[in-house]
Amino acid sequence: MLYDFRSFINPGYYAFGKGSFNHLNELIDRKKSDAQSWSVFMIDDYFKGKELERRLPKSESDLVIWIETTNEPITSLVNRYRDEIIEFNPTLPSVIVGIGGGTTMDYAKATGLMVTNPGDSADYQGLDLIKNEGVYTICIPTVSGTGAEVSMTAVLSGPERKLGIKCDYTIPNEVVFDPELLSTVPAEQRFFTGMDCYIHNVESTTGTWINSLGSAFAEKSSELCLEVFLNTNTPRIESDEKMMVASLLGGNSVTYAQVGVCHALSYGLSHVLGVHHGVGNCVVFNQLEEYYPEGYKQFKLMQEKQQVELPTGLVAGCTEEQLNQMVETSWALEHMWNNAFGADWQNHISKEKIKELLLKM
Ligand SMILES: [Fe+2]
């Protein structure tokens, strides 16, 4: 069997707890070999002019790249960031720090690899295509749920497809979990990103690739998601800390298992319409009661408690060509379908069914 044996990598270091961000300079200095050593900060442009910008431990020789996060990460921008880094200073930086949500962290992970691997990042979309280890990467989540901080995939949309650069080198070398950094995330975004995590757990535990290790991660992660989104009396800092743990556990549950129907459809949706991953997942999951009845029930409870409205009519205005592109993007994600239904997945889902589901969104 193709998928039976799996051995996976995790980040090398975790720093966890309130105030961890204050130690970032120590973590960076540890990687600097001489006076010429320099760093790159890739940071969500939401923080431009905010307190976090002033707290960045940067010197004159460091480069700050502001990441615009309205759209999902794309290969052409990874190439551009790589060129910007090489133009700024042709010697390799000692560290790339990615500060933000899944989009920013995936840009940091992918850019760190492309500095040491020639060509177009679109050529590396897939499994184990990267040849050389990238620059040492530190990821610092400022919104939790995607699991990007512990994932060996940098998910990218390219000219041809939405597919991650996945290999051992994609894993961040170090992660700083500081719940204080989550304090300004708006309620809606917090919910959408948190539900990405919850859906990771549902898809991994109900899939055919699941094992005890993946289950253990997912079960605790789901428990924390439910606490965060159903128990609204918990002080924000406490629930943010829990959500950080849920995200890291949920990320590991899909590493040791796989996502399923929701992510396959959501990739199609966001590849064509640019819908943000968390939002796309919620819109899709809202139509998947037949595949995930238990998860759906809890999802609706959390949505109700958080009073979040889901966007509707996303696919209504699409051309036939766009719709077909969504179907093809989803259909190509064989590993997700295989996890959801098993090796004979084509007996359980058809392109017509995918189209029918998409048209409800
Ligand atoms: Fe996800």
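All values reported here derive from a predicted model rather than from experimental measurement. (Residues numbered from 1 in each chain as written. Predicted model: local features only at pLDDT ≥ 70, side-chain atom pairs only at ≥ 80, totals over all residues.)

## Section: the domain arrangement of the protein
Then comes step 1: Looking at the protein, the domain boundaries give domain 1 (13–182) and domain 2 (187–359).
Then comes step 2: Look at where the C-alpha atoms of domain 1 and domain 2 centre, and you get two points 24 Å apart.
Then comes step 3: The residue makeup of the side of domain 1 that touches domain 2, split by class, is seven nonpolar, nine polar and four charged. (Domains from an automatic or database assignment. Nonpolar A, V, L, I, M, F, W, Y, C, P; charged D, E, K, R; others polar.)

## Description of the sheet that holds strand S5 (residues 126–127)
Then comes step 1: With mixed pairing, three strands are arranged side by side in an open sheet as S5-S8-S7. Unpaired on one side and paired on the other, S5 and strand S7 (153–157) mark the two borders of the sheet.
Then comes step 2: Pairing of S7 with strand S8 (residues 162–166) involves five bridges; the strand directions are antiparallel. Residue pairing across strands places Ala 154 opposite Ile 165, the latter belonging to S8.
Then comes step 3: Together, S7 and S8 form the strand contacts of helix H4 (residues 102–114), whose direction differs from that of S7 by roughly 95°. (Pairing = 2+ DSSP bridges. Helix = DSSP H or I, 4+ residues; strand = E, 2+ residues; numbered from the N terminus. Contact = placed C-beta atoms within 7 Å. Axes fitted to C-alpha atoms, helices over the stretch in contact; angles between N-to-C directions.)

## Some details on the packing of helix H8 (residues 261–273) against helix H11 (residues 320–331)
Then comes step 1: One way to put it is that H8 packs onto H11 with a least axis distance of 8 Å and a crossing angle of 140°. Judged by the angle between their axes, H8 and H11 are oblique. Pair H8 / H11 crosses with right-handed handedness. The segment H8 lies against H11, with Ala 264, Leu 265, Tyr 267, Gly 268, Leu 269, His 271 and Val 272 engaging Gln 322, Gln 325, Met 326, Val 327, Thr 329 and Ser 330.
Then comes step 2: Of the residues contributing to the contact of H8 with H11, the split by class is seven nonpolar, six polar and no charged. (Parallel < 35°, antiparallel > 145°, perpendicular 65-115°, else oblique. Left-handed = near helix turned anticlockwise from the far one by under 90°.)

## Observations concerning the environment of Gln 307
Then comes step 1: Its location among the elements puts Gln 307 in the loop between helix H10 (293–306) and H11.
Then comes step 2: When the C-alpha atoms of Gln 307 and Ala 246 are compared, they prove to be 21 Å apart, with 61 residues separating the residues in sequence.

## Concerning the environment of Leu 213
Then comes step 1: By the element assignment, Leu 213 lies in helix H6 (residues 212–230).
Then comes step 2: In this structure Leu 213 comes out as partly exposed when scored by C-beta crowding, with 15 C-beta atoms within 10 Å.
Then comes step 3: Taking the C-alpha atoms as reference points, Leu 213 and Ala 257, separated by 44 residues in sequence, lie 8.8 Å from one another. (Buried ≥ 20, exposed ≤ 12 C-beta atoms within 10 Å, placed from the backbone.)

## Regarding the nonpolar core
Then comes step 1: Met 42 and Leu 265 are the most contacted members of the largest nonpolar core, which has 101 residues in total.
Then comes step 2: Each of domain 1 (13–182) and domain 2 (187–359) contributes no fewer than three residues to this core.
Then comes step 3: Once residues lying within four places of it in the same chain are set aside, the contact partners of Met 42 are Ile 65, Ile 67, Ile 96, Val 97, Gly 98, Thr 104, Tyr 107, Ala 108 and Thr 111. (Core = buried A, V, L, I, M, F, W, Y, C linked by C-beta atoms within 7 Å.)

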